[in-house]
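Geometric and topological summary
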Amino acid sequence: MSRFPVDPAADRDPRTDEAETLTLALGVTGYARSHAGLAASADHVNHIKLPGRFTPEDLHRALRDFELLADTLRAHPEEMTQLLEAHAMKDAKAARAVAARLGISEESFEAEGGGIVWGVVVAVIVCDVFTGCFTGGFV
């Protein structure tokens, strides 16, 4: 059984029904491991349907995410470097251990008025608007 049960109706935001919107796909690809002498790899991709409208509360949460992340980067540059490098090397266990030592998690961000998902959504949209790094040539 999944740790995160899927109930589409429970987390549905009516703002997404107002207009056709993009779906943001974020994930890690080529996550390799071996088991019983067999090599396997997996892609972990999450799809987030962007709302047709953003509320001031959405933007406030994103701003708070950025503030909390900036505070952590300033206060713990070595540990954050370790976290980023571990994730880039596909060592999720080490990356999560660093995050746990720093006390950063979705729950801790939510407790401080954020909820890192909004920060990610805004960062990806702004990155794409500025550089076309995701949709360049398609839209």
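The structure displayed is predicted, hence computed values, not measured ones. (Residues numbered from 1 in each chain as written. Predicted model: local features only at pLDDT ≥ 70, side-chain atom pairs only at ≥ 80, totals over all residues. Heavy atoms only, no water.)

This next bit is on the packing of helix 2 (residues 77-88) against helix 3 (residues 92-102). The contact between helix 2 and helix 3 brings their axes to 8 Å, and the two run at 155 degrees. Here helix 2 is positioned roughly antiparallel relative to helix 3, judged by the angle of their axes. Handedness of the crossing formed by helix 2 with helix 3: left-handed. For the pair helix 2 and helix 3, the contacting residues are Glu79, Met80, Gln82, Leu83, Ala86 and His87 in the first and Ala94, Ala95, Val98, Ala99, Arg101 and Leu102 in the second. Residue composition of the contact of helix 2 with helix 3, by class: 8 nonpolar, 2 polar and 2 charged. (Axes fitted to C-alpha atoms, helices over the stretch in contact; angles between N-to-C directions. Helix = DSSP H or I, 4+ residues; strand = E, 2+ residues; numbered from the N terminus. Parallel < 35°, antiparallel > 145°, perpendicular 65-115°, else oblique. Left-handed = near helix turned anticlockwise from the far one by under 90°. Contact = heavy atoms within 4.5 Å. Nonpolar A, V, L, I, M, F, W, Y, C, P; charged D, E, K, R; others polar.)

Moving on: unusual backbone geometry. One non-glycine residue, Ala36, adopts positive backbone phi at about 55 degrees. Secondary-structure assignment places Ala36 in the loop between strand 1 (23-35) and strand 2 (38-49). Located in the positive-phi region is Lys90, a residue other than glycine, with phi close to 65 degrees. Take Lys90: it is sitting in the loop between helix 2 and helix 3. On the basis of relative accessible area, Lys90 is assigned to the partly exposed category, the value being 37%. (Buried < 20%, exposed > 50% of the residue type's maximum accessible area, 1.4 Å probe, protein only.)

If you look at the biggest cluster of nonpolar residues, it comprises 10 residues: Leu68, Met80, Leu83, Ala86, Ala95, Val98, Ala99, Leu102, Ile104 and Phe109. Counting only elements with at least two residues in this core, the list comes to helix 2 and helix 3. The element contributing the most residues to this core is helix 3, with 4 residues. Apart from the residues within four sequence positions on either side, Leu102 is in contact with Thr72, His76, Glu79 and Met80. (Core = buried A, V, L, I, M, F, W, Y, C linked by side-chain atoms within 4.5 Å.)

Glancing now at the side chain of Asp128. Assignment of secondary structure puts Asp128 in helix 5 (residues 117-131). With residues up to four places along the chain from it excluded, the contact list for Asp128 reads Cys133, Phe134, Thr135 and Gly136.

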